[in-house]
Amino acid sequence: MKIAIIGTGNLGSAIAKGLIKNKTYTSLYLSDKNTAAVKGFSTEPYVTITSDNKAAVEASEILIFALQPRHIESVLKEVAPSVTKDHVVLSVAAGFAISNIEAIIGQDKNIIRVMPNTAISIGKSMTCLATNLKGEGKIAMAQDIFNQLGTTMVIPEEHIQAATVICASGIAFWMRLIRATTQGAIQLGFEAHEAHKLAVQTCYGSASLLLESGNHPEQEIDRVTTPSGCTIEGLNEMEHQGLSSSLIKGLVASFEKINHLKK
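Residues numbered from 1 in each chain as written. Predicted model: local features only at pLDDT ≥ 70, side-chain atom pairs only at ≥ 80, totals over all residues. Heavy atoms only, no water.

J.: I keep staring at the pattern of salt bridges and nothing clicks. Help me out?
T.: Pairs can form between side chains of opposite charge once their charged atoms are near each other. Taken as a whole and assessed by the stated rule, the structure comprises six salt bridges. Overlapping salt bridges bring together Lys85, Asp108 and Lys109 as one network. (Salt bridge = Lys/Arg side-chain N within 4 Å of Asp/Glu carboxyl O.)

J.: Help me out: how do you make sense of the packing of helix α3 (residues 69–79) against helix α4 (residues 98–105) in this one?
T.: Two elements in contact, α3 and α4, have axes whose closest approach is 9 Å; the angle formed by their N-to-C orientations is 30°. Our classification of the angle between α3 and α4 gives roughly parallel. Judged by the sense of rotation from one axis to the other, the crossing of α3 with α4 is right-handed. Along its contact with α3, which presents Glu73, Leu76 and Lys77, the element α4 presents Ile101, Ile104 and Ile105. Classifying every residue of the contact of α3 with α4 gives four nonpolar, no polar and two charged. (Axes fitted to C-alpha atoms, helices over the stretch in contact; angles between N-to-C directions. Helix = DSSP H or I, 4+ residues; strand = E, 2+ residues; numbered from the N terminus. Parallel < 35°, antiparallel > 145°, perpendicular 65-115°, else oblique. Left-handed = near helix turned anticlockwise from the far one by under 90°. Contact = heavy atoms within 4.5 Å. Nonpolar A, V, L, I, M, F, W, Y, C, P; charged D, E, K, R; others polar.)

J.: Would you explain the packing of helix α6 (residues 160–187) against helix α7 (residues 192–213) in this entry?
T.: How two helices sit against one another is set out by the angle between their axes and by the gap between those axes. Packing of α6 against α7 leaves a shortest axis separation of 8 Å and a crossing angle of 135°. The angle between α6 and α7 falls in the class oblique. For the crossing formed where α6 meets α7, the hand is right-handed. In this structure, α6 uses Ile178, Thr181, Thr182, Ala185 and Ile186 to contact α7, whose residues at the interface are Ala192, Ala195, His196, Ala199, Val200 and Cys203. The residue inventory of the contact of α6 with α7, partitioned by class, reads eight nonpolar, three polar and no charged.

J.: Honestly, the sheet that holds strand β5 (residues 88–91) in this entry has me stumped. Any pointers?
T.: Strands belonging to one sheet form pairs held by backbone hydrogen bonds; the direction of such a pair is parallel or antiparallel. Read across the sheet, eight strands follow the order β3-β2-β1-β4-β5-β6-β7-β8 without closing on themselves; strand pairing throughout is mixed. Every other strand in the sheet has two partners, leaving β3 (47–50) and β8 (150–154) as the edge strands with one partner each. Between one strand axis and the next, the sheet turns through 20° on average, direction left out of account. Note: strand β1 (residues 2–6) against strand β4 (residues 62–65), four bridges, orientation parallel. Among the inter-strand pairings, Ile5 is bridged to a residue of β4, identified as Ile64. Set on the sheet, helix α1 (residues 10–22) makes contact with β1, β2 (27–31), β3 and β4; between it and β1 the angle comes to about 160°. Along the sheet face, α3 touches β1, β4 and β5 and points at about 155° away from the line of β4. (Pairing = 2+ DSSP bridges.)

Shown next, in the form of structure tokens:
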């Protein structure tokens, strides 16, 4: 596959790292007005670094627009004459609707909105996909690409904003929870590097248990809580202090913010 990534900031670079790691292309163009962030990729086979968006589009079949919402409109207008019906257009711009993309490049184009997270750089992303009518025939191709970089789920476009909060912003939320666990471990007597390892591996093990067993979280919680034990004591204190409520309120606040930005 001939792939171009237009925009190589944090997310664009993460996607590039994942594609390069898995060799998911026959050619890969990385295009940005500032190529410094991806200069190190120039030694990779079949990778071209450029600041010419049109050239990247014309040399590729799959176009990944990894741009901020405030930049994507101008870039789409710039390359629109070069986008054909054979291109597959993938946009990761939060809040920029498929209808907005269609208004610039046409409804007759294959357009798919993609919401990955930064774990895509290590092949562990949770990536959600939504497509226009024309792009439905290309959704399997998009899944093939992003399943090599993690896991995918096809969802209605109206759920993309919520998916952004749960999956993309969710990385930061989980990092904060891991950080809090680390701080607690330090307070309980562990050195910082020990506390970090304990927190990270336990978080990884918890997620792995759910993925591999298919169990509900409460089933796994029941396995480690005993009557009058220390685990239930800690869980109840966390709930008294509003752990679940605070997390849910944070998700809702983030969702309200992204909808405000969309407007």
